[in-house]
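Next come the chains, spelled out residue by residue.
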Amino acid sequence: MLSQIEGSKAVADAVAQCRPEVICAYPISPQTHIVEGLSKLVKTGDLTPCEYINVESEFAAMSVAIGSSAAGARTYTATASQGLLYMVEAVYNASGLGLPIVMTVANRAIGSPINIWNDHSDTMSQRDSGWIQLYAETNQEAADLHIQAFKLAEELSLPVMVCMDGFILTHAYERIDQPTQEQVDAYLPPFTPRQTLDPDNPVSIGAMVGPEAFSEVRYLAHAKQMLALERIPELAVEFNEIFGRESGGLIHTYRADDAETMIVALGSVLGTIKDTVDEMRDEGHKIGVLGITSFRPFPQQQVREALVNAQRVLVLEKALAVGIGGIVSANVRTSLSGVQLRGYTAIAGLGGRAITRESLRSLFENAEADALEPLTFVDMDWELVQRELQRDQLIRRPGTAYEHQELNPGLVAAQLP
Amino acid sequence: MPYQPIKFYQTGSFVVGNRLLDVEARSTQSDPKRANTLTSGHRACQGCGEALGARYALDTVSRVTGGKMIASNATGCLEVFSTPFPETSWQIPWIHSLFGNAPAVATGIAAAMRVKGRDDVRVVGQGGDGGTVDIGFGCLSGMFERNDDVLYICYDNEAYMNTGVQRSGATPGGARTATTQPVGPHPGNEFGQGKNLPRIAMAHEIPYVGTATVADLRDLEYKVEKAMTFRGARYLHILVTCPLGWGSASRDSIRIARLAVETGIFPVFEAERGEVTGVTKIRRRVPVEEYLKLQRRYAHLFGKKPQPEILHNIQAAADRNITRYGLLDDTPDDLKPPGEAKDAATSGHDEAQPEDSETDAMALTSESFEGAR
Amino acid sequence: MFQIRIHGRGGQGVVTAAEMLSLAAFAEGRHAQAFPSFGSERMGAPVVAFARIADKEIRVREPIMAPDGLIIQDPTLLHQVDVFSGLVPDGYILINSSRTFGELGLSDLCEHFRVERLLTVPATEIAREYVGRPMANAALLGGFAGLSGALSIDSVSAAIREKFAGKVGDGNVNAAEAAYRYVQQQMEEMAHA
């Protein structure tokens, strides 16, 4: 059924159709509309049976989810940014315990400085947590991925985070083809836990594992996640059969066939990239796009296949690994081990800065001309940055306090901007 | 038959008369078919009060629920010594998640039971003082505020024992820990205002709050049973001796816990919705030194550099408890049963009278029976 | 693609207006995208919202820098914020005011753009009359439908009813229709002038 609704509502409705039994969430911008939507559905009785728990922190949210999931209930939560960080101990705990919790992360920058707008730094910080990470390009895909996520999580007994760009997707009204309850029921069977807290069959969950077994346990967690590389494409095919559209999968390419330059990105920016690429293709540029949907597990083989014939790859990232540079590009590079091509990383959109077609056009043309540094920052105010760096140098003079006193303060003051 | 003097306080109210009681009145522990929720084979220290308290409490929960229970456990001694992979001592469904989230995990389990229509399955959350009073405090308060149907039990041994005896929010003033060493001008833990979890629980106005110790099995079992008659958030705070952390003889664990009560240092009471509904009176009051002297964590208060001021503070805190909760019996002496009359002039140092007649024992038994109920 | 940018202040329903535009386009079977320039929620602060209408899937997500139409809900913004930035030469401007462009000090605009596409409408007064509150957003949408023809007044009314139920919906629809008629009349007068 076609609707014109807010992305958050599309997600809330899709999650509700997955028949979650326990929802426990703490509000944080820009996820609030999702959990508000779900709490209303529970309160009106539209979503039943379902327990909606208003928790006192994100750490509590994930902890309640752990208890609920371990006790055999299909469990859902949502967060962003600071909230995700606050629950990190429990995030690792959930994946270590193999609990099929599904969580929406409405991608938002991490402070300090506090910033409520979109970028990928939050979920990127959890890429090693053992959770499966799926990135939605549109609100349609965001809704669809949640349905696939529950199925994937419960089959593998692993938690899944569905990442959608905060505000850009969550707060945008667009056309969504909302599934019917029958379609979701046909796709997603009831939750059958692999093991559960049950007085009739008691188990102890969460024992202390020493050096003699820990490595094997961790390897098994990795191996289990790698199984998702096979299962995710299959789930997308099964989804298409029931819902009638392509959604999810590990990656997708756009106009990549004879591309000499390939642009790689995650999330909603792919839309703007595709419009820019269309323009350039119309002018004869041989340029294509690789969108990565499953970031964890990272689809190395598929990424390699998509990029191997290009001359150069530009990875556009919405997060910055301070001290080194790109995150996605590092994973892309691993996939391209042994392949000779030029690689560029462009950091854009941090803290919600708009990524415009104009800037992308310029960036892509520079990439085509190989006129880019290995690491580029899009739309950076270089003048301001240089001024700040110079000022910092002036203030932080090396030497002893005695030497500082010897300096002519007038001279220093004259150099300050 | 040789005459065997029995010191009543060492053996608890009903041990002597257990076989003379109706089956329903006997302790859970006396039943050979008890659940043994925490069964043998765990790695606790000799004389561990927490192992004792956990078994006492959870066996009682198991009895009243017919075994339909699930427990969530914070990181700490209890969790570590009970589940060294691949072994477990737990005969109930049990989960350990993190240090600070046992109450929240319990909330989640309770929600799952509720949504599945399993009202018959009851949920217990448990942890040490560190996991309850400090790092788990936020989650505990949230659980209280929502009135989630969880019984939370804190086994309080007054420090972070599993990591090597560091100070927690529950460490009493003057006590030695690895981070409050007995050196300098203020040896041992600083005196603050403390963090009285039972009273904080009462401030949340939850259905039931109770305190107990491992010295009085019957009282502990009673409190657990009482707590399980309520739905909603309930809190039990159990003082458990830690021979290693307190520097006490493992054979003294129960004795020390009793002395904590009899000095007034640890008040035993229960409350409903924020109002105290019952206290366990001190039968024979003793000065705090009798309790402190058995523990090397207080050794620096005595000996070569005594700390009379700290002793005074500890005694003052005990006095305050006695007044606040009315822990001393003010029945006039001539109305007390024989053998119980107190000399008003004594400072409470006298030894308990040995039982020389069964009548006295029975009389004292029923008297204490009243007191514990 | 038709791009509309709406300027106002927090609390004036600017974001809702953009959403309603997207609902109206949806009612006509078209694709639409609406989103705010995301600021922290605060009453009175300048707010911008965007709406895109097209006949195929809208993929681009950047803010609207070259709008085809502008709706200014709060005239106090006119000389504070560069509300006209990027407007295409054939663009439409609808300002919530009872004064003319000249009286608002915007005569020079009339030289750079097509003067018959620049209108004001006393939407707040209309809203007060039909809705009982000075909430001008729905009225302005009716006016914009009349000015630009990008949407029909019926679609706008349907969108309003989706957002506002019962009597409030009725009032807002009446206000929108009144503003629509006002704008149409203005355009006729200008055409015959």
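Residues numbered from 1 in each chain as written. Chains lettered and ligands numbered in written order. Predicted model: local features only at pLDDT ≥ 70, side-chain atom pairs only at ≥ 80, totals over all residues. Heavy atoms only, no water.

1. Let's talk about the interface of chain A and chain B
Across the boundary between the two partners, chain A contributes 37 residues, which contact 37 residues of chain B. Overall, the association of chain A and chain B removes approximately 2,800 Å² of surface from exposure, summing both partners, and the carbon and sulfur fraction of that is 65%. Between Glu56 of chain A and Arg146 of chain B there is a salt bridge whose closest N-O contact spans 2.7 Å. Linking chain A to chain B there are 14 residue pairs in polar contact (both at pLDDT 80 or more). When contributions to the side of chain A that touches chain B are tallied by element, the ones reaching two or more residues are β3 (51-54), α3 (58-70), α5 (88-96) and β9 (204-205) of chain A. With eight residues, α3 of chain A is the single largest residue contributor to the side of chain A that touches chain B. Its residues assigned to classes, the side of chain A that touches chain B comprises 23 nonpolar, eight polar and six charged. Here β9 of chain A runs beside strand β2 (residues 94-96) of chain B; their pairing, made up of two bridges, is parallel. Paired with Ser204 of chain A across the bridge in β2 of chain B is Trp94 of chain B. (Contact = heavy atoms within 4.5 Å. Buried area = accessible area lost by both parts, 1.4 Å probe. Salt bridge = Lys/Arg side-chain N within 4 Å of Asp/Glu carboxyl O. Polar contact = N/O pair within 3.5 Å; in protein donor to acceptor, adjacent residues only side chain to side chain. Helix = DSSP H or I, 4+ residues; strand = E, 2+ residues; numbered from the N terminus. Nonpolar A, V, L, I, M, F, W, Y, C, P; charged D, E, K, R; others polar. Pairing = 2+ DSSP bridges.)

2. A look at the interface of chain A and chain C
One frequently used descriptor of interface size is the decrease in accessible area upon assembly of the parts. If you look at the interface, chain A gives 27 residues, while chain C gives 23 residues. Where chain A abuts chain C, roughly 2,100 Å² becomes buried across the two surfaces, and 51% of that area is made up of carbon and sulfur atoms. Looking at the side of chain A facing chain C, the largest losses of area belong to Gln4, Tyr173 and Arg175 of chain A, adding up to 33% of the total buried there. Asp275 of chain A is paired through a salt bridge with Arg59 of chain C; the nearest N and O atoms lie 3.0 Å apart.

3. Notes on the environment of Thr229 of chain B
Position of Thr229 of chain B relative to the elements: it lies in the loop between α8 (217-228) and β6 (234-239). One polar contact links the side chain of Thr229 of chain B to the main-chain carbonyl oxygen of Lys226 of chain B, over a distance of 2.6 Å.

4. Concerning the pairing of strand β3 (residues 122-128) of chain B
Residues and elements named next belong to chain B. Here β3 lies mainly inside the structure; seven of its seven residues are buried. Strand direction decides the pairing type here: strand β1 (residues 69-73) and β3, joined by five bridges, are parallel. Along β3, the bridge assignment pairs Asn73 with Gln126. In terms of strand pairing, β3 meets strand β4 (residues 150-156) through six bridges, oriented parallel. Across the sheet, Gly125 pairs through a bridge with Tyr152, a residue of β4. (Buried < 20%, exposed > 50% of the residue type's maximum accessible area, 1.4 Å probe, protein only.)

5. Quick notes on the packing of helix α1 (residues 7-17) of chain A against helix α7 (residues 139-156) of chain A
Residue and element names in this part refer to chain A. Close contact between α1 and α7 brings their axes to 8 Å; oriented N to C, the two are set at 20 degrees. Comparing their axes, α7 and α1 come out roughly parallel. Here the hand of the crossing between α1 and α7 comes out right-handed. Note on element contacts: α7 touches α1 through Asn139, Ala142, Ala143, His146, Ile147 and Phe150, opposite Gly7, Ala10, Val11, Ala14 and Val15. Counted by class, the contact of α1 with α7 contains eight nonpolar, three polar and no charged residues. (Axes fitted to C-alpha atoms, helices over the stretch in contact; angles between N-to-C directions. Parallel < 35°, antiparallel > 145°, perpendicular 65-115°, else oblique. Left-handed = near helix turned anticlockwise from the far one by under 90°.)

6. Quick notes on the sheet that holds strand β6 (residues 132-135) of chain A
Residues and elements named next belong to chain A. Spatial ordering of the open sheet is given by β3-β2-β4-β5-β7-β6-β13, a layout of seven strands whose pairing is mixed. Of all the strands in the sheet, the pair left with one neighbour each is β3 and β13 (294-296). Sheet twist, expressed as the mean angle between neighbouring strand axes with direction ignored, is 20 degrees. Alignment of strand β2 (residues 22-25) against strand β4 (residues 75-79), held across two bridges, turns out to be parallel. Counterpart to Ile23 in the pairing with β4 is Tyr76. Most of the contacts of α3 go to β4, to which it runs at about 165 degrees, and overall it touches β2, β3, β4 and β5 (102-107).

7. Structural notes on the sheet that holds strand β8 (residues 275-279) of chain B
Strand order in this open sheet of nine strands is β9(A)-β2(B)-β1(B)-β3(B)-β4(B)-β6(B)-β5(B)-β7(B)-β8(B), and the pairing throughout is mixed. With partners counted over all chains shown, the strands left at the sheet margins are β9 of chain A together with β8 of chain B, one partner each.

8. Describing the nonpolar core
Residues Met62, Met103, Ile292, Leu307 and Val332 of chain A together with Ile109 and Tyr235 of chain B are the most contacted members of the largest nonpolar core, which totals 90 residues. Domain assignment of the residues forming this core places at least three in each of domain 1 (2-243) and domain 2 (251-377) of chain A. Tyr76, Ala78, Phe150 and Val162 of chain A belong to the second-largest nonpolar core, a separate cluster that totals 49 residues. (Core = buried A, V, L, I, M, F, W, Y, C linked by side-chain atoms within 4.5 Å. Domains from an automatic or database assignment.)

9. Looking at the pattern of salt bridges
Under the defined criterion, the tally for this structure stands at 48 salt bridges over all chains. In this structure, a network of salt bridges that share partners links the residues Lys151, Glu155, Arg231, Glu234 and Glu238 of chain A.

10. A few points about unusual backbone geometry
Residues and elements named next belong to chain A. With omega at -5 degrees, the peptide bond leading from Ser29 into Pro30 counts as cis. Within the secondary structure layout, Pro30 lies in the loop between β2 and α2 (32-44). Cis geometry marks the peptide bond from Thr48 to Pro49; its omega dihedral reads -5 degrees. Counting through the fold element by element, Pro49 comes out in the loop between α2 and β3. For Ser81, which is not glycine, the phi torsion reads 40 degrees and is therefore positive.

11. Focus on the confidence of the model for chain A
With 95% of its residues at a pLDDT of 70 or more, chain A has an overall mean of 95. Low pLDDT, under 50, characterises residues 411-417 of chain A; the predicted model gives this stretch four contacts beyond four residues in sequence or across chains. (pLDDT = per-residue confidence, 0-100.)

12. Regarding the arrangement of the chains
For this structure, the chain pair with the highest number of contacts among two pairs of chains in contact is chains A and B. Spatially, chain B is disjoint from chain C: no contact exists, and the shortest C-alpha separation is 27 Å.

13. So, the layout of surface pockets
Roughly 1,200 Å³ of internal volume is contained in the largest pocket. Looking at the largest pocket, it is lined by 39 residues, and the ones nearest its centre are Gly96, Leu97, Gly98, Gly206 and Val217 of chain A. Breaking the lining of the largest pocket down by element, the ones donating at least two residues are α3, α5, β9 and α9 (214-243) of chain A together with α3 (77-82) of chain B. In terms of residue count, α9 of chain A provides more of the lining of the largest pocket than any other element does, six residues in total. Grouping the amino acids of the lining of the largest pocket by side-chain chemistry returns 20 nonpolar, 13 polar and six charged. (1 Å grid on protein atoms, 1.4 Å probe; cavity = no way out; pocket = protein on both sides within 12 Å on 5 of 7 lines; lining within 4 Å. Points joined across faces, edges and corners; volume = space filled by probe spheres on them.)

14. With respect to the side chain of Glu51 of chain A
Within the secondary structure, Glu51 of chain A sits in strand β3. Here Arg114 of chain B takes part through its side chain, which lies 2.8 Å from a polar atom of the side chain of Glu51 of chain A. Dropping the residues within four chain positions of it, Glu51 of chain A is found in contact with Glu21, Val22 and Ile23 of chain A together with Ala111, Arg114 and Val115 of chain B.

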